[in-house]
Protein chains: 2
Amino acid sequence: MWIAELSRQTEVPVATIKYYLREGLLPAGESVGATRARYDESHVRRLRLIRALVESGGLSLARVRGVLAAVDEESQQMHAVLGAAHGALLPESIEASPESLERVGELLDDHGWLVDDQSPDRALLANALDALDRVGHPLDSTLLDSYLMAAEQVGDADVAHLPAGDRAETVEATVVITALGGPVLLALRRLAQQNASARRYGAVPTHPCP
Amino acid sequence: MWIAELSRQTEVPVATIKYYLREGLLPAGESVGATRARYDESHVRRLRLIRALVESGGLSLARVRGVLAAVDEESQQMHAVLGAAHGALLPESIEASPESLERVGELLDDHGWLVDDQSPDRALLANALDALDRVGHPLDSTLLDSYLMAAEQVGDADVAHLPAGDRAETVEATVVITALGGPVLLALRRLAQQNASARRYGAVPTHPCP
């Protein structure tokens, strides 16, 4: 297909597609003559992934570049791919207090989670706990345990639902579900809080009861 | 305390404090003479809340202003306060397809969740589902159910852990746990995915086994 059709199918403006091509985010099409190129389904798919990461995942183009590099890296083992996809989705620098890092280490040990000692996600969690400490609302251990058990269910379900077989498909699915599953979970948490609050404070539901 | 002490206790630069005062995010201190003012613990607390929302919650100052308005609103009932705090933390516009909005409505009905028909969080969830549809990885119903059950545990635990009694304290805790609990949950989900992946793909843990 020509670039106009690629634009129509993906709802991405032609100027934006050309920008992604110049920036190397989108592979070049097959040249036809000096000024035209043909594109295929792989371009449609890649463009949709870029847009989803930018618009729904809230990633910068620099971050998207890192994620795509993880998707395109062919030589890694599946478990390493998850690490690479996770790494590309991380903030650039994560500061965490030694106290919170230790709390995270003990939490993971207590629950027997297999997480590499060098995983930057330890610092990501410690940093989030530090933020609550700083604002004078340290996260209660019981509440943290509730979060952990809920996260375990979600993480198990995420990994169980990754497509088995085609490696490229699995990698893309890993990136997509990690980046775009988060907003689903957070939106559900807000709805769940409203439900819990309605039950606790006895708000009258808008729906008439039969 | 003088502004220098306020800056020292909160680690917020004096110039930034003055900016927040001019912008009305921080209430004025008690004037002492023409050019000096005294500040108290309420200023320390408010500054820490602003910094936590900006640095850890990733909120813009305009969004922080909305959250603080919800915190300061005295006349609302507790359940309405949760709605106001949630509303202030929402993106400015949320687009969602009618199909996903209907899927969300059915999901909430199926599980008997008490959520107002007008809650913008319905659109927030539908928007997140749309993003997965667009990128060609629609969220499987089984996986969505896993997310929902995990979110229910978290939402129940969140609301059960809100301090009972002092209203201002409860409102602030609601805002803080909604804004800063999200990053905790997402970091735990990443760690849980790594644990699940290590078990599924048989990666050798870095810790030596006894």
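- Naming follows an unreviewed UniProt entry, where chain A appears as MerR-like DNA binding protein of Kribbella voronezhensis.

### So, helix H6 (residues 98–110) of chain B
- Between the first and last C-alpha of H6(B) there are 18 Å, a value that for 13 residues agrees with the 18 Å anticipated at 1.5 Å per step.
- With its phi angle positive at about 65°, B:Gly112 sits one or two positions after the end of H6(B).

### Concerning the nonpolar core
- Core analysis: the largest hydrophobic core is formed by 120 residues, its most contacted members being A:Leu125, A:Val184, A:Leu188, B:Leu125, B:Val184 and B:Leu188.
- Structurally, this core is a two-domain feature, drawing no fewer than three residues from each of domain 1 (1–56) and domain 2 (57–195) of chain A.
- Excluding residues within four positions of it along the chain, B:Leu125 makes contact with A:Val184, A:Ala187, A:Leu188, A:Leu191, B:Val104 and B:Leu107.

### Focus on unusual backbone geometry
All names here are of chain A.
- Positive phi, close to 60°, is recorded for Glu11, a residue that is not glycine.
- Along the polypeptide, Glu11 turns up in the loop between helix H1 (3–10) and helix H2 (14–22).
- By relative accessible area, which is 71% here, Glu11 ends up exposed.

### Observations concerning the interface of chain B and chain A
- Taken together, the 88 residues of chain B in the interface contact 88 residues of chain A.
- Summing the contributions of chain B and of chain A, the shared interface buries around 8100 Å²; its carbon and sulfur component is 67%.
- Applying the counting rule to chain B against chain A returns four salt bridges.
- Linking chain B with chain A are 24 residue pairs in polar contact (both at pLDDT 80 or more), by the criterion used here.
- Only helix H3 (41–56), helix H5 (78–88), H6, helix H7 (120–134), helix H8 (141–160) and helix H9 (167–201) of chain B provide two or more residues apiece to the side of chain B that touches chain A.
- Partitioned by chemical class, the residues of the side of chain B that touches chain A number 49 nonpolar, 22 polar and 17 charged.

### Some details on the pattern of salt bridges
All names here are of chain A.
- Counted according to the given criterion, the structure contains ten salt bridges over all chains.
- Residue Arg8 is joined to Glu5 by a salt bridge in which the shortest nitrogen-to-oxygen separation is 3.0 Å. Of this pair, Arg8 and Glu5 both sit in helix H1, separated by three residues, roughly a single helical turn.
- Arg122 serves as the salt-bridge partner of Asp117, at 3.6 Å between the closest nitrogen and oxygen.

### So, the packing of aromatic side chains
All names here are of chain A.
- One pass over the full model with this rule turns up two aromatic pairs over all chains.
- Relative to Tyr20, the ring of Tyr19 has its centre 6.2 Å away and its plane inclined at 50°; by these criteria the two rings are tilted.
- Judged by relative accessible area, Tyr19 falls into the partly exposed class, the value being 32%.
- Given the relative accessible area of 4%, Tyr20 is considered buried.
- Here the guanidinium or amino end of Arg38 rests over the ring plane of Trp2, the centre of that ring lying 4.4 Å away.

### Overview of the environment of A:Gln193
- Inspection of the secondary structure assignment puts A:Gln193 in helix H9 (residues 167–200).
- In this structure A:Gln193 touches B:Leu82, B:His86, B:Gly155, B:Asp158, B:Val159 and B:Thr178, once residues within four positions along its chain are discounted.
- Here B:Asp158 takes part through its side chain, which lies 2.8 Å from a polar atom of the side chain of A:Gln193.

### Some remarks on the environment of A:Leu148
- For A:Leu148, the location among the structural elements is in helix H8 (residues 141–160).
- A sequence separation of 41 residues divides A:Leu148 from A:Leu107, and the C-alpha atoms of the two residues are 9.0 Å apart.
- Discounting chain neighbours no more than four positions away, the residues touching A:Leu148 are A:Leu107, A:His111, A:Trp113 and B:Leu188.

### Looking at the packing of helix H1 (residues 3–10) of chain B against helix H2 (residues 14–22) of chain B
All names here are of chain B.
- For the pair H1 and H2, the least separation of the axes is 9 Å and the interaxial angle reads 105°. The angle between the axes of H1 and H2 places the two elements in the roughly perpendicular class. Contact residues: H1 offers Ile3, Ala4, Leu6 and Ser7, while H2 offers Val14, Ile17, Lys18 and Leu21.

### Considerations on a negative patch on the surface
- A grouping of A:Glu99, A:Glu102, A:Glu106, A:Asp109 and A:Asp110 is seen on the molecular surface, where their side chains present a negatively charged patch.
- Along the chain, A:Asp110 turns up in helix H6 (residues 98–110).

### Let's talk about H8(B)
All names here are of chain B.
- Compared with an ideal rise of 1.5 Å per residue, which puts 20 residues at 28 Å, H8 spans 28 Å between its outermost C-alpha atoms and is within 8% of the ideal.
- Those residues of H8 that sit buried are Leu143, Leu144, Ser146, Tyr147, Leu148, Ala150, Ala151, Val154, Gly155, Ala157, Asp158 and Val159.
- Where H8 begins, the capping side chain belongs to Asp140, and its oxygen is found 2.8 Å from the backbone nitrogen of Thr142.

Basis of the calculations
Residues numbered from 1 in each chain as written. Chains lettered and ligands numbered in written order. Predicted model: local features only at pLDDT ≥ 70, side-chain atom pairs only at ≥ 80, totals over all residues. Heavy atoms only, no water. Helix = DSSP H or I, 4+ residues; strand = E, 2+ residues; numbered from the N terminus. Expected span 1.5 Å × (residues − 1). Core = buried A, V, L, I, M, F, W, Y, C linked by side-chain atoms within 4.5 Å. Buried < 20%, exposed > 50% of the residue type's maximum accessible area, 1.4 Å probe, protein only. Domains from an automatic or database assignment. Contact = heavy atoms within 4.5 Å. Buried area = accessible area lost by both parts, 1.4 Å probe. Salt bridge = Lys/Arg side-chain N within 4 Å of Asp/Glu carboxyl O. Polar contact = N/O pair within 3.5 Å; in protein donor to acceptor, adjacent residues only side chain to side chain. Nonpolar A, V, L, I, M, F, W, Y, C, P; charged D, E, K, R; others polar. Phe/Tyr/Trp six-rings, centres within 6.5 Å; stacked < 30°, edge-to-face > 60°. Lys NZ or Arg CZ within 6 Å of the ring centre and 35° of its normal. Axes fitted to C-alpha atoms, helices over the stretch in contact; angles between N-to-C directions. Parallel < 35°, antiparallel > 145°, perpendicular 65-115°, else oblique. Patch = residues over 30% accessible without salt bridge, like charges linked within 9 Å, V, L, I, M, F, W, Y side chains within 5 Å. Areas by Shrake-Rupley, 256 points an atom, 1.4 Å probe, with all protein chains shown as cover. Lys, Arg positive; Asp, Glu negative; His and termini not counted. Charge placed at Lys NZ, Arg CZ, Asp CG, Glu CD.

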